[in-house]
Amino acid sequence: MNELDQIQDWLTEVVDISRVFASQGEVAAYIPELLKAPHDTLGICIISPDGQTISAGDVDFELTLQSISKVFTLILALMDLGEAHVFSKVGKEPTGDDFNSMLKLELVEPGIPFNPLINAGAIVISALIQGQSPQHKSERILNFFRLISGNATLEVDEEVFMSEAAHAHRNRSLAYFLKDNGVLTDQDDVEEILEIYFRHCSIKVTCSDMARMALVLANEGVDPASGESLIPRRYVQIAKTFMITCGMYNASGEFAIGVGLPAKSGVSGGILTLVPGKYGIGIVGPALNSKGNSVAGVHLIELLSRRQKWSMF
Ligand code: DON
């Protein structure tokens, strides 16, 4: 019996134990469409490079990637333009501020966003994605996500996209501020860039799609099924480092101590995480804690990581 067989025997029980914690959280309300998610949903999928898949809970539940998408748009921008260009536009440090904060853009020189996983940074990354038109850029992002997830049917959830676009006053302010201070250039149309950003945040997935995306990162950028290199190893290394330092918002330190794995969460309640060299993991659990991470999802991965001694540290 291998490790995943052993976990499978126990996984439904851990999901049931962790699901109880959802009652301590709230579903995100600032994008009204997200409020439709059932509060106590919880599901997990774990995939190994040889294709063994185990799962439990609400495995068919679909949510939008939200901030989890930022990891992969960062990678695409790096593949399009290289490290030097990308890091002339966004920094490499955590902020300690909320993900949608404007504070440091004004306080610290130069006014580039501190990192690509906060909203300001991800908006700048959206402006770096190459393509002949905004539509073409969004298509390239969607196709890249389809490639990494191995799911050619991934789509943008148009309702969530429209809901976010209609309630995006903070992101609009961030983008116009970035334009004013020259981080977004004269050629960058703010509304077009925001549309690219909202669209990639609204790509709809299940926990198994996220597990497959995470598996490519766990496997150093190589699709284990085909043996094809989809992402240069260096960019996987950069992405995983940001996931450790900034992936769980202002709870990234706490998560590194409690779980010890690279991870990225999103406001719809997804967590994409991985055990390097071993597994890709996707979790869905829409009720969020005060730091913006899935309450039940964090509880679940912490139980698993501790029991299986998965921490990298
Ligand atoms: O821009 C927003 O507010 C959402 N589309 C994504 C936010 C999110 O998941 C938190 N990000 N770090």
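Just so you know, the residues in each chain are numbered from 1, in the order the chain's sequence is written. Predicted model: local features are reported for residues with pLDDT of at least 70 only, side-chain atom pairs are reported and counted for 80 or more only, and whole-chain, interface and lining totals are derived from all residues.

1. Here we look at the site of the ligand
By definition, a residue lies near a molecule or strand provided its backbone-derived C-beta atom is within 6 Å of it. Near the ligand, the surroundings consist of Gln 66, Ser 67, Phe 99, Asn 100, Asn 119, Glu 164, Asn 171, Cys 201, Gly 266 and Val 267. The classification used treats Ala, Val, Leu, Ile, Met, Phe, Trp, Tyr, Cys and Pro as nonpolar, Asp, Glu, Lys and Arg as charged, and all other residues, Gly among them, as polar. Among the residues making up the shell around the ligand, the classes are represented as 3 nonpolar, 6 polar and 1 charged.

2. With respect to the environment of Val 90
Mapping Val 90 onto the fold places it in the loop between α3 (83-89) and α4 (103-107). Sequence separation between Val 90 and Pro 110 is 20 residues; the distance between their C-alpha atoms is 10.0 Å. Residues are scored as being in contact if the C-beta atoms we place from backbone atoms lie within 7 Å. The contacts of Val 90, once residues within four sequence positions are left out, are Ile 112, Pro 113, Asn 115, Pro 116, Gly 121, Val 124 and Ile 125. We count a stretch as a helix when DSSP gives it H or I for four or more residues in a row; a strand needs E for two or more, and each element gets its number in order from the N terminus.

3. Observations regarding the nonpolar core
Counting residues in each nonpolar core, the largest one holds 101 residues, and the members touching the most others are Ile 44, Ile 123, Val 124, Ala 214 and Ala 239. With 9 residues, the single largest contributor to this core is helix α10 (residues 207-218). Domain start and stop points were drawn from an automatic or database domain assignment. Both domain 1 (3-63 + 206-307) and domain 2 (67-201) contribute no fewer than three residues apiece to this core. Those residues in contact with Ala 214 that lie beyond four places of it in its chain are Leu 272, Thr 273, Leu 274, Gly 280, Ile 281 and Gly 282. Put simply, a nonpolar core is a cluster of buried Ala, Val, Leu, Ile, Met, Phe, Trp, Tyr and Cys residues tied together by C-beta atoms within 7 Å. Counting other C-beta atoms within 10 Å of each residue's C-beta, where C-beta atoms are placed from the backbone, gives the exposure class: buried for 20 or more, exposed for 12 or fewer, partly exposed between.

4. Digging into α10
Look at α10: 16 Å from first C-alpha to last across 12 residues, which is about the 16 Å you get at 1.5 Å a residue. Burial analysis of α10 places 12 of its 12 residues in the buried class, which makes it a mostly covered element. Inspection of α10 places Cys 207, Ser 208, Asp 209, Met 210, Ala 211, Arg 212, Met 213, Ala 214, Leu 215, Val 216, Leu 217 and Ala 218 among the buried residues, and these make up the whole buried set. Among the residues trailing α10, Glu 220 stands out with phi positive, at a value near 60°. In a helix, the anticipated span is given by 1.5 Å times the number of residues less one.

5. Side note on the pairing of strand β3 (residues 53-57)
Of the pairings in the sheet, the one linking strand β2 (residues 43-47) to β3 comprises 5 bridges and is antiparallel in character. Looking across to β3, one finds that Gly 43 is bridged to Gly 57. Turn length for the β2-β3 hairpin, with the two strands adjacent in sequence and antiparallel, is 5 residues, and the turn residue Gly 51 shows positive phi of about 90°. Two strands are said to pair when DSSP picks up at least two bridges between them.

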